[in-house]
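# Structure at a glance
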Amino acid sequence: MIAPRPAVERRVLESLEAGRIPVLLGGCGSGRTSLLLRVESRLGPTAAQYLDVAAAATTPERCLSAITSVSRFGTAVSEPPASPRDAFDLLLSFLSGATTSAGAPATFLLDDFLDVRTLENFPGLRHVQRDFVQRLASSPARFVLASRFTARVHRLLRDAPPRFEVMHVPPLDADEVTELLRLFNGSARTAGGTAALVADLTAGRPACAHLVLGAMAGMGPAPDPVAALASLFAPDGRLTARCRESYELRLGRARGFGALKAILGVLAETEPQNLTEISHALHRTPGSTKDYLSWLEDVDLVAVRSKRYVFEDPLLRLYVRLYGRPVPPGDDDVVREVGAYARRSMPAAAAVATGTGSSSPPAVPDRSGIIEID
């Protein structure tokens, strides 16, 4: 079930018609892939094709074969490439020169395009991302790119040609959640205030909103979005699994895995915190802590606002509060934490929050004796 996002889709299509390359940025569950598939559907299979770069980017030779063998706009390479560099060059030539059956430039919708960096592990491919961007910018073909790594894309495109147009996928608003309710129920019988609650509780992330609305659909005539969220954050809940996937994926792409998990645990207890507070909690120097925080920013796990650090995704913070410890949470823990999260998210949710418990996270103790990192 893919919810339409007409305003964003229209902006992407207008960018393409103007000769630009739209770059869709958004975190896990923000609807990037759904937007690409909707745009592909609107352009039609004879003009456009969606490609998952993350799935294809293994070795240069296999990446070339995987993409050309499924493409609608050409044939597979007949002769094996002479080297990894040759395979990559052939791939760029294929993408930039592809045409439709009518002879018009083809449109490729490339999901997780930053994963071409995987090919940098092979000889002669030291600057794959830069070469990839430069070639697409000069290509007659049309492209829509998407990535979940906002900071990395901004850095990559800092000196790129002006053809690229960055678009941040906006969160769902109450009207769009109401439309989702129609898809689930055939009507908007629980629209209005409930739609606004769902939009706020899920931080406007389409994937999370789908899960909450699906859980609400089985609750009978009086669905409770906060109770639905609590059920989804049970140890075997679907939102728990989705947040775990995002958590592990981003940490796996970052440096300093252990220290980064510790920082996320500190911020899950209390946020926002400044550099000094975090370094005290870690027993590390401000210099080394600043490095760790920059690595977390690099994969969009944390954001800095007025020199104070917070989780980029509030639902991921809730996940760490529940599961960033050696034992799984009990039912009372899930109800308490979800209720506290709901009260922090929007005051109106307090009226429907289940359970009790303070919404104030534990304070970080005052610590001394900072030690230098090894």
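Residues numbered from 1 in each chain as written. Predicted model: local features only at pLDDT ≥ 70, side-chain atom pairs only at ≥ 80, totals over all residues. Heavy atoms only, no water.

This paragraph deals with helix α9 (residues 193-201). If you check which residues of α9 are buried, you get T194, A195, L197, V198, A199 and L201. A positive backbone phi angle near 55° is found at A203, which sits one or two residues after α9. (Buried < 20%, exposed > 50% of the residue type's maximum accessible area, 1.4 Å probe, protein only. Helix = DSSP H or I, 4+ residues; strand = E, 2+ residues; numbered from the N terminus.)

Moving on: the sheet that holds strand β8 (residues 308-311). If you walk across this open sheet you meet the three strands as β6-β8-β7, and the pairing is antiparallel. The sheet is open, and its two borders are formed by β6 (273-274) and β7 (302-305), each paired with just one other strand. Alignment of β6 against β8, held across two bridges, turns out to be antiparallel. Counted as the bridge partner of N274 is R308 from β8. Along the sheet, helix α13 (residues 257-269) contacts β6, β7 and β8; its crossing angle with β8, the most-contacted strand, is approximately 90°. (Pairing = 2+ DSSP bridges. Contact = heavy atoms within 4.5 Å. Axes fitted to C-alpha atoms, helices over the stretch in contact; angles between N-to-C directions.)

With that settled, the discussion passes to the pattern of salt bridges. Enumeration according to the criterion identifies 25 salt bridges in this entry. A salt bridge links R85 to D131, with the nearest nitrogen and oxygen atoms 3.2 Å apart. Linking R85 in helix α5 (residues 84-97) with D131 in helix α6 (residues 128-137), this pair joins segments that are 46 residues apart in sequence. For D131, a relative accessible area of 22% translates into the label partly exposed. The salt bridge partner of R321 is E337, with a shortest N-O separation of 2.8 Å. With R321 in helix α16 (residues 314-323) and E337 in helix α17 (residues 331-345), the pair connects residues that are 16 residues apart, well separated along the chain. R321 gets classed as buried once you look at its relative accessible area, which sits at 18%. (Salt bridge = Lys/Arg side-chain N within 4 Å of Asp/Glu carboxyl O.)

This next bit is on the sheet that holds strand β1 (residues 21-25). Spatial ordering of the open sheet is given by β2-β3-β4-β1-β5, a layout of five strands whose pairing is parallel. The open sheet has two edge strands with one neighbour each: β2 (48-52) and β5 (164-168). Shown here is a sheet whose adjacent strand axes are inclined to one another by a mean of 20°, direction ignored. Note: β2 against strand β3 (residues 107-111), five bridges, orientation parallel. Bridging from a neighbouring strand, A48 pairs with T107 of β3.

In this section: the packing of aromatic side chains. Where two aromatic rings form a pair, the distance of their centres and the angle of their planes describe that pair. In the structure shown here, the tally under the stated rule is six aromatic pairs. With a centroid separation of 5.8 Å and 80° between ring planes, the pair formed by F73 and F108 is classed as edge-to-face. With F73 in the loop between α4 (60-70) and α5 and F108 in strand β3, this pair connects stretches of sequence that are 35 residues apart. The class for F73 is buried, based on a relative accessible area of 9%. Residue F108 is classed as buried on the basis of its relative accessible area, which comes to 0%. Each member of the aromatic cluster is reached from another via a ring pair, and the members are F73, F94, F108 and F143. When the ring centre of F149 is taken as reference, the NZ or CZ atom of R152 above it lies at 5.3 Å. (Phe/Tyr/Trp six-rings, centres within 6.5 Å; stacked < 30°, edge-to-face > 60°. Lys NZ or Arg CZ within 6 Å of the ring centre and 35° of its normal.)

F108, L110 and F233 are the most contacted members of the largest nonpolar core, which has 96 residues in total. Setting aside chain neighbours within four positions, we find F108 in contact with Q49, L51, S71, F73, F94, L95, A98, R142, F143 and V144. (Core = buried A, V, L, I, M, F, W, Y, C linked by side-chain atoms within 4.5 Å.)

This part covers the environment of G214. Relative to the assigned elements, G214 resides in helix α10 (residues 206-217). C-alpha separation for the pair G214 and F184, spaced 30 residues apart in sequence, amounts to 7.3 Å.

Distances and angles like these do not, on their own, reveal function.
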